[in-house]
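Each chain is listed here by its residues.
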Amino acid sequence: MDPGSSLDDIAPIAILMDELRSEDVQLRLNAIHRISTIALALGPERARDELIPFLQDSVDDEDEVLLALAEELGHNFEEYIGGPEYAHVLLGPLENLSAVEETLVRDKAAESITKISSVLSQAQIEQFYIPLVQRLSRGEWFTSRTSSCALYAPVYDKVSPAIQDDLRRAFAALASDDTPMVRRAAAKWLAPLVKKFTKQHVLTEGLAMYRKLQADDQDSVRLLTVEDLIAIAQQLTPPEVKEQLLKQIRQTMTDKSWRVRYMAASHFNELAEAVGQDLVREELVNHFVQLLKDNEAEVRTAAAGQVPGFSKLLEKEVVLARIVPCVRDLCQDVSQHVRAALATQISGLAPLLGKDGTIEHLLPLFLHLLKDEFPEVRLNIISKLELVNSVIGIELLSESLLPAIVELAEDKSWRVRQAIIEYIPLLANQLGKAFFDESLGNLCMSWLGDNVYSIREAAAVNLKKLTEVFGVEWAKEQIVPKVVGMGQHPNYLYRMTTVQAIMTIAPSLTLDIVRGDILEMLLQLAGDPIPNIRFNVAKALETIATSFGDSAEGRQLVQQKVVPVLEALKNDQDADVRFFSSRALQKALALEA
């Protein structure tokens, strides 16, 4: 031992070594999470010379520990070993982690290597990173070859043309690998790599790699090539796309595996935007119609989600002739998921079809979906009505809409009732004050008496939001009398709801309304026989004190009316009432100070 080194110098690394050799997984995990602290204690030089080699040699057999190590080394760990000029030192342990069996660990290691690559200089990349990629790409086990696929794109544009040639050749070899898992990784990472190719290399080598993967016999590889297709199409001109990719587009759209068609449907709009207007008209409309009529519900669901986006690229006549008939069929689809996806998107067609087109073609479909047996379908329609409202106006909407809303509001599933409550402020905004009072006002109050607590709570929040939409005067006339009236109810749950509703809406009201209409009822309930109501009154008084205590008038009201009641509640026989009233009193008295 060097006589100059004290026990303190050796301790951190010795403790880490002991903990990493421990049989207790949790202890090893904790040690890994502390390696940045240990590196800091050791200093940059010793961290490089002792800690990193130790981490490289100690291969744990517990995936959880390896995952934590892969993550820690990617968290700007180069700062602890002397900065970016030494960042390449971290590649050693991460290279080992890139070859382990567990996918999560390998993915995290590749992610950390990618992060480190962003701080490496060109010299470091060419001297340390590229050899690492080459070793992984030629690894005996498929695990290292799989990991290597993710490491090409981040540095491709940072190296010399000669090395770029080598990288393209090596990636092409991975795309032709015997193991499907490696080809799958190549398909996944080809898109980010192709985006960095020059156009010439896209045409000569990128297309060849893509075609090979797109014709793979494994559908798990083919489905990942949809994003590669889009990336390549974005690099080419529309005539080049037609010449080079038309065959592959047709094959992908009509693939025998539903999972490939599902990916094509999910990314349809991106592809349509990349290939150019002519190809959209000549080819993609037909393919889109076929996807909307696919045998598999998952494919139809994905295609339904693309309807408005794709329709924007078409003329109105084409939308009416080709897309709307399919939409009409999807409204009757046997799968509720297809109908729910369509319900979310169908309103996006309204601005494209205009008022007359919407009334003629879409309104009957809205009504049909609003009467759907599945609540999710009905809710998706209601949540997207703003677009339709802006096209056809509220009169037409409300005639057809309200019966469906009332039905939802009385649904036997409380989750459906809760979801509709959340949409009420949005509807209120669209319907206007007079219409709302006439049609939905009583409904909103009835929720305060619901037998499910979550509904009563949501109803109180709803009243607060409505106050913000329609204003304080409206609340004074429509809400406050009804809420205060419930305070006299013989059932304690209704009285409790009154207190909680006051607590929620009071901050949105004015001092005059609180003083004139609300406070008296609240102070009466402070003497309620039920302790739960009394401590909620204390919480409500605290809310009123903190909401209005910033004005002299508010402070005066708090001192005259609120403080005496809280003083009395502070001596209540119930512990919770004493606790909440003491807390409220403290805040009320702090206003004076």
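Scoring rules and cut-offs
- Residues numbered from 1 in each chain as written.
- Predicted model: local features only at pLDDT ≥ 70, side-chain atom pairs only at ≥ 80, totals over all residues.
- Heavy atoms only, no water.
- Helix = DSSP H or I, 4+ residues; strand = E, 2+ residues; numbered from the N terminus.
- Buried < 20%, exposed > 50% of the residue type's maximum accessible area, 1.4 Å probe, protein only.
- Polar contact = N/O pair within 3.5 Å; in protein donor to acceptor, adjacent residues only side chain to side chain.
- Contact = heavy atoms within 4.5 Å.
- Core = buried A, V, L, I, M, F, W, Y, C linked by side-chain atoms within 4.5 Å.
- Arc of directions from axis to C-beta.
- 1 Å grid on protein atoms, 1.4 Å probe; cavity = no way out; pocket = protein on both sides within 12 Å on 5 of 7 lines; lining within 4 Å.
- Points joined across faces, edges and corners; volume = space filled by probe spheres on them.
- Nonpolar A, V, L, I, M, F, W, Y, C, P; charged D, E, K, R; others polar.
- Axes fitted to C-alpha atoms, helices over the stretch in contact; angles between N-to-C directions.
- Parallel < 35°, antiparallel > 145°, perpendicular 65-115°, else oblique.
- Phe/Tyr/Trp six-rings, centres within 6.5 Å; stacked < 30°, edge-to-face > 60°.

Caption draft 1: Here's a closer look at the side chain of Arg 183. Inspection of the secondary structure puts Arg 183 in helix α12 (residues 180–194). The exposure class assigned to Arg 183 is buried, which follows from its relative accessible area of 10%. Only 3.2 Å separates the side chain of Arg 183 from the backbone oxygen of Asp 178, close enough to count as a polar contact. Setting aside its immediate chain neighbours within four residues, Arg 183 contacts Leu 174, Ala 175, Ser 176, Asp 177, Asp 178, Leu 213, Asp 216, Asp 217, Gln 218 and Val 221.

Caption draft 2: Quick peek at the nonpolar core. Counting residues in each nonpolar core, the largest one holds 202 residues, and the members touching the most others are Tyr 129, Leu 245, Phe 310, Ile 346 and Trp 447. For Leu 245, the contacting residues outside a window of four places in its chain are Leu 207, Tyr 210, Leu 229, Ile 232, Ala 233, Leu 236 and Glu 240.

Caption draft 3: Summary view of helix α3 (residues 35–42). Ile 35, Ser 36, Ile 38, Ala 39 and Leu 42 are the residues of α3 that are buried. Summarising the axial view, the buried residues of α3 lie within an arc of 160°, below the 170-degree limit, and thus occupy one face. What points out from α3, more than 90 degrees from its buried face, is the exposed set Thr 37, Leu 40 and Ala 41. At the exit of α3 stands Gly 43, carrying a positive phi of roughly 90°.

Caption draft 4: Structural context of the layout of surface pockets. Each pocket or cavity is described by its volume, and for the largest pocket that value is around 430 Å³. Lining the largest pocket we find 19 residues, and of these Asp 107, Ala 150, Ala 185, Lys 188 and Trp 189 sit closest to its centre. Of all the secondary structure elements, the ones that give two or more residues to the lining of the largest pocket are α7 (103–117), α9 (142–148), α10 (153–156) and α12. Split by residue class, the lining of the largest pocket holds nine nonpolar, four polar and six charged. One number sums up the size of the second largest pocket: a volume of about 150 Å³. Every residue lining the second largest pocket is listed: Gln 134, Ser 137, Arg 138, Arg 145, Asp 166, Leu 167, Ala 170, Ala 173, Leu 174 and Asp 177.

Caption draft 5: Representation of the packing of helix α35 (residues 511–525) against helix α37 (residues 552–569) in the model. Contact geometry for α35 and α37: axes closest at 12 Å, N-to-C directions at 0°. Compared by their axis directions, α35 and α37 come out roughly parallel. Contact residues: Leu 511, Asp 512, Arg 515, Leu 519, Glu 520 and Leu 523 in α35; Glu 553, Gly 554, Leu 557, Lys 561, Val 562 and Val 565 in α37. For the contact of α35 with α37, a count of residues per class yields six nonpolar, one polar and five charged.

Caption draft 6: Inspection of the environment of Leu 511 at higher detail. Structurally, Leu 511 is set in helix α35. When the C-alpha positions of Leu 511 and Ser 547 are compared, they lie 9.2 Å apart, and in sequence the two are 36 residues distant. Dropping the residues within four chain positions of it, Leu 511 is found in contact with Phe 548, Ser 551, Glu 553, Gly 554 and Leu 557.

Caption draft 7: Spotlight on the packing of aromatic side chains. Across all of its chains, the model carries eight aromatic pairs by this definition. Between the aromatic rings of Tyr 152 and Phe 171, the centroid separation amounts to 5.2 Å while the plane-to-plane angle is 75°, which identifies the pairing as edge-to-face. Remark: Phe 171 occurs in helix α11 (residues 161–175) and Tyr 152 occurs in the loop between α9 and α10; sequence separation between them is 19 residues. By relative accessible area, Tyr 152 is classed as buried at 1%. Between Phe 288 and Phe 310 the ring centres are 4.6 Å apart and the planes differ by 45°, which places this aromatic pair in the tilted class. Of this pair, Phe 288 sits in helix α19 (residues 277–292) while Phe 310 is found in helix α21 (residues 307–311), placing the two residues 22 residues apart along the sequence. Its relative accessible area of 0% is what places Phe 288 among the buried residues. Phe 310 gets classed as buried once you look at its relative accessible area, which sits at 0%. Aromatic ring contacts, followed pair by pair, group Phe 268, Phe 288 and Phe 310 into a single cluster.

Caption draft 8: Layout of the packing of helix α24 (residues 350–370) against helix α25 (residues 375–383). Where α24 contacts α25, the two axes come as close as 8 Å, and the packing angle between them is 135°. As judged from the angle between their axes, α24 and α25 are oblique. Residues Phe 366, Leu 369 and Leu 370 of α24 lie in contact with α25, whose contacting residues are Val 377, Arg 378, Ile 381 and Ile 382. Class assignment of the residues belonging to the contact of α24 with α25 gives a composition of six nonpolar, no polar and one charged.

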